[in-house]
Amino acid sequence: MISPEIEVGSIERVLLEQGSFASVTNGVSMRPLFKTHRDAVILSRPTEPPKRFDVVLYRVRDKYVLHRIIKVDEENSRYIIRGDNTFTLEYVPMDKILAVLTSFNRKGKHHSVTDRGYRIYARVWNFIYPLRWLIRLPRVCLSRVKHALFAGSKH
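Conventions and cut-offs
- Residues numbered from 1 in each chain as written.
- Predicted model: local features only at pLDDT ≥ 70, side-chain atom pairs only at ≥ 80, totals over all residues.
- Heavy atoms only, no water.
- Helix = DSSP H or I, 4+ residues; strand = E, 2+ residues; numbered from the N terminus.
- Expected span 1.5 Å × (residues − 1).
- Bend = angle between axes of the 7 residues up to and from the residue.
- Buried < 20%, exposed > 50% of the residue type's maximum accessible area, 1.4 Å probe, protein only.
- Contact = heavy atoms within 4.5 Å.
- Pairing = 2+ DSSP bridges.
- Phe/Tyr/Trp six-rings, centres within 6.5 Å; stacked < 30°, edge-to-face > 60°.
- Lys NZ or Arg CZ within 6 Å of the ring centre and 35° of its normal.
- Salt bridge = Lys/Arg side-chain N within 4 Å of Asp/Glu carboxyl O.
- Core = buried A, V, L, I, M, F, W, Y, C linked by side-chain atoms within 4.5 Å.
- Arc of directions from axis to C-beta.
- Axes fitted to C-alpha atoms, helices over the stretch in contact; angles between N-to-C directions.
- Parallel < 35°, antiparallel > 145°, perpendicular 65-115°, else oblique.
- Nonpolar A, V, L, I, M, F, W, Y, C, P; charged D, E, K, R; others polar.

Draft legend 1. Region of the structure containing helix H3 (residues 129-150). Counted at 1.5 Å a residue, the expected span for H3 with its 22 residues is 32 Å, and the 31 Å between its end C-alpha atoms agrees. Residue Arg136 marks the point of greatest curvature in H3, where the axis turns by about 30°; the proline Pro138 follows within four residues. Buried within H3 we find Tyr129, Arg132 and Val140. Buried-residue contacts for H3 involve strand E5 (78-82) and helix H2 (116-127).

Put into structure tokens, the structure is as follows:
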């Protein structure tokens, strides 16, 4: 997610006027790629339709969301999108995409989305998604059991 302090509609104005927008990241949905307030993204208005593995910006009500395209559903004119650190799919109409990630600064180093290492990361991270879910499942189950056992024991 992009910083919540940004006024709704302001990114759209900057993109229309300048064609690109830069911001620090906020939230955990794109970890491990981006860490809150450490990393910065450079986004540009799409010059062609975004494709699978692109990270795109769209708005949900009053929040800007930055997540990765998992699948292009041309039949229904939408993208199937998910954050790198989330397990919920989002269905975003193609005309709701505001910008596409073009480059970013991570841990003080500049990267382009055309860099070979980044392209490999995007594909591998998506490929191992089922394994990430299996690794996370025991932790989720333990958390639910703990919550059920101790929910009523608040002091």
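Draft legend 2. Region of interest: the environment of Thr36. Looking at the element boundaries, Thr36 is found in the loop between strand E1 (20-24) and strand E2 (40-44). If near-sequence neighbours (up to four positions away) are discounted, Thr36 is found in contact with Thr25, Asn26, Gly27 and Val28.

Draft legend 3. Just the pairing of E2, in detail. Buried residues dominate E2, accounting for four of its five residues. Bridge analysis of E1 against E2 gives five bridges, and the strand direction is antiparallel. Looking across to E2, one finds that Ala22 is bridged to Ile42. When E2 meets strand E7 (residues 97-106), the two strands line up antiparallel, connected through five bridges. Each residue of the ladder has a partner; that of Ser44, found in E7, is Val100.

Draft legend 4. Fine view of the packing of aromatic side chains. A full pass over the atoms with the stated rule returns five aromatic pairs. Centre to centre, the rings of Tyr118 and Tyr121 are 6.5 Å apart; their planes meet at 35°, and the pair counts as tilted. One end of the pair is Tyr118 and the other is Tyr121, both in helix H2 and three residues apart, which spans about a single turn. Judged by relative accessible area, which is 9%, Tyr118 ranks as buried. What links up through ring pairs into an aromatic cluster is the set Phe34, Phe104, Tyr118, Tyr121 and Trp125. Geometry around Tyr129 places Arg82 over its ring, the cationic atom sitting 3.6 Å from the centre.

Draft legend 5. Here's a closer look at the pattern of salt bridges. Across all of its chains, the model carries five salt bridges by this definition. Arg68 is the partner of Asp84 in a salt bridge, and the nearest nitrogen-oxygen pair spans 2.8 Å. With Asp84 in the loop between E5 and strand E6 (90-93) and Arg68 in strand E4 (residues 63-73), this pair connects stretches of sequence that are 16 residues apart.

Draft legend 6. Quick look at the nonpolar core. One finds Phe34, Val41, Leu43, Leu57, Leu66, Leu101 and Phe104 to be the most contacted residues of the largest nonpolar core, which totals 17 residues. Counting only elements with at least two residues in this core, the list comes to helix H1 (10-18), E2, strand E3 (55-60), E4 and E7. A per-element tally of this core places E7 first, with four residues. Grouped together as the second largest cluster of nonpolar side chains are nine residues, Val56, Tyr58, Val92 and Ile97 included.

Draft legend 7. Layout of H2. Along its twelve residues, H2 runs 17 Å from first to last C-alpha, staying within 8% of the 16 Å computed at 1.5 Å per residue. Residues Tyr118, Ala122 and Asn126 constitute the buried set of H2. Projected down its long axis, H2 carries its buried residues within an arc of 60°, all on one side. For H2, the exposed residues lying more than 90 degrees away from the buried face are Arg116 and Phe127. If you follow the buried residues of H2, they end up packed against E3, E4, E5, E7, strand E8 (109-112) and H3.

Draft legend 8. Here's a closer look at the packing of H2 against H3. One way to put it is that H2 packs onto H3 with a least axis distance of 4 Å and a crossing angle of 55°. With respect to each other, H2 and H3 are oriented oblique. Counted together, Trp125, Asn126 and Phe127 of H2 and Tyr129, Pro130 and Arg132 of H3 form the full contact between these two elements. Classifying every residue of the contact of H2 with H3 by side-chain character gives four nonpolar, one polar and one charged.

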